[in-house]
Amino acid sequence: MFSAVLAGATPAVADKYVLISHAPDSDSWWNVIKNSLKQAGDDYGVQVDYRNPATGDIAEMARLIEQAAAANYDGVMVTIADFNVLQRALEKVRAKRIPLITINSGSAEQSERLGAIMHVGQPEYDAGHAAGLRAKAAGVQRFLCVNHYATNPVSFERCKGFADAIGADFRASTLDTGGVDPSAVESKVSAYLRQHPDTQGILALGPDAAGPTLRLLEKAGLTNKIWFATFDLSDDIARAIKAGTVQFAIDQQPFLQGYIPVAVMVRMKADRARGAATADSVQAALKADPKAAARFEEYGVTPVYGPRHISSGPGFITAGNLSKVEKYAGQYR
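Thresholds, definitions, all that
Along every chain, residues carry numbers that run from 1 in the direction the sequence is written. pLDDT decides what is reported in this predicted model: residues at 70 or higher carry local features, side-chain atom pairs at 80 or more are listed and counted, and totals for whole chains, interfaces and linings draw on all residues regardless. Excluding hydrogens and water, the side-chain figures rest on all heavy atoms present in the structure. Runs of H or I in DSSP of at least four residues are treated as helices and runs of E of at least two as strands, each being numbered from the N terminus. Radius of gyration means the value over C-alpha atoms here, while the globule rule gives 2.2 Å times the residue count to the 0.38 power. Exposure is judged per residue with a 1.4 Å probe applied to protein chains only, and the accessible area is read against the type maximum: over 50% gives exposed, under 20% gives buried, and values in between give partly exposed. Working rule for contacts: check all heavy atoms of both residues, and any pair within 4.5 Å makes them a contact. Each accessible area is a Shrake-Rupley estimate made with a 1.4 Å probe; only the visible protein chains count as cover when residues are assessed. Counted charges follow a simple rule, with Lys and Arg positive, Asp and Glu negative, and His plus the chain ends left uncounted. In plain terms, the charge of a residue is placed at NZ if it is Lys, CZ if Arg, CG if Asp and CD if Glu. The distinction between a cavity and a pocket rests on a 1 Å grid over the protein atoms alone: a 1.4 Å probe fits inside a cavity but cannot get out, while a pocket stays open yet meets protein on both sides within 12 Å along at least five of seven lines, and a residue with an atom within 4 Å of a point counts as lining. Grid points are joined across faces, edges and corners, and a volume is the space filled by probe spheres set on the points. By the convention adopted, Pro, Cys, Tyr, Trp, Phe, Met, Ile, Leu, Val and Ala count as nonpolar, Lys, Arg, Asp and Glu as charged, and the other residues, Gly among them, as polar. We call two strands paired when DSSP finds no fewer than two bridges between them. Crossovers are described as right-handed under a simple rule: with the strands pointing away from the observer, the path leading from the first strand over the helix to the second runs clockwise.

**Quick notes on the overall build of the protein chain**
- Check the secondary structure of the protein chain and you find 14 helices and 13 strands.
- What you see for the protein chain is a C-alpha radius of gyration of 20 Å, in line with the 20 Å of a compact globule of 333 residues.
- With the principal axes as the frame, the protein chain shows a C-alpha extent of 65 × 40 × 30 Å.
- Looking at the 333 residues of the protein chain, the share that counts as buried comes to 55%.
- Considering only intrachain contacts with a sequence separation of at least 6, the fraction spanning at least 24 residues in the protein chain is 74%.
- Counting every atom, the protein chain has about 13,900 Å² of accessible surface; 49% of that belongs to carbon and sulfur.
- Positive and negative charge centroids in the protein chain, built from 35 and 35 side chains respectively, lie 2 Å apart.

Listed below in structure tokens is the structure:
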């Protein structure tokens, strides 16, 4: 392990932190966040555990949060996969006065209601809206939003932002695939397109929705006939961007969602020991930290600092910047 390097921080080799996500074991997208946690642990000399419900069951995730509270971690990081289901479990973290940072899913408002230090993630509505503006410029007026994780209410913000940007009805344009089973996704998208042959564009909410949809379009002879964009990246999506069948992938820079919370936790503990821990001081230290800056530069990721929260996106992966992203795809991008 490396010692802590944030300005003014002291080594905290014995400190233990945990990130608890909603992702099932089958979701390979989370490998980037797991890798970022390991790098942060090495950089700041702390232990960082990763926990998740094997099947993505939110009730099981709540139990993992309760276990983390009982284990007296020095800090807990968690996704707000379902505010109502997780709220009670997170109250146990607050009762123990364990620092809490939320990441990825959920909103800054929900994070504050839970008493978290900050939220590190992509504003979902804004990301969808930014993508929709690009679609509008391409002439898209009617679209399909393929949602493979509708159990997370915030996922619909992506669809709504896109729909608002092009002036469409997001409810009529959103398809709940019922999960990530590829054959089910393909079948439901196929049925939707048969019923809505005037669909001009498709927005997939991630690789689990994009992959099967791309295969369907190829089988149906619709490749390059329907404008297509997706959230996040995979090998299939990268190849499709190169081929011009996917216009862009919306990048929430997941590396930041794992690395930044650990850096913030370490800094805040050092500041609390001196009696001065504020969001401003922590963000200033993070901006000035050479180790974090080197990581961000190497992987081509850029955080957006707000008054309290830190946004990890949206960014856009296109044919123009794909080569750098591909270099670290699946590892740190």
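Now that the structure has been shown, we can carry on.
**Topic: the layout of surface pockets**
- There is about 230 Å³ of room inside the second largest pocket.
- Residue lining of the second largest pocket: 17 residues in total, with G106, S107, A108, P123 and E124 positioned closest to the centre.
- Contributions of two or more residues to the lining of the second largest pocket are made by α4 (108-113), β5 (119-121), α5 (124-137) and β12 (310-311).
- A total of three residues in the lining of the second largest pocket trace back to one element, the largest contributor, which is α5.
- Looking at side-chain class alone, the lining of the second largest pocket contains six nonpolar, eight polar and three charged residues.

**As for the pairing of strand β3 (residues 75-79)**
- Most of β3 is tucked away, with five of its five residues classed as buried.
- Neither face of β3 is exposed, since G75, M77 and T79 on one face and V76 and V78 on the opposite face are all buried.
- With four bridges connecting them, strand β1 (residues 16-20) and β3 associate as parallel partners. Across the sheet, Y17 pairs through a bridge with G75, a residue of β3.
- With helix α3 (residues 83-95) bridging β3 and the parallel strand β4 (residues 100-103), this β-α-β connection has right-handed handedness.

**What to know about unusual backbone geometry**
- Cis peptide bonds are those with omega within 30 degrees of zero, and the linkage from G313 to P314 qualifies with 10°.
- Locating P314 in the fold gives a position in the loop between β12 and β13 (315-317).
- Located in the positive-phi region is N72, a residue other than glycine, with phi close to 55°.
- Tracing the sequence through the fold places N72 in the loop between α2 (58-70) and β3.

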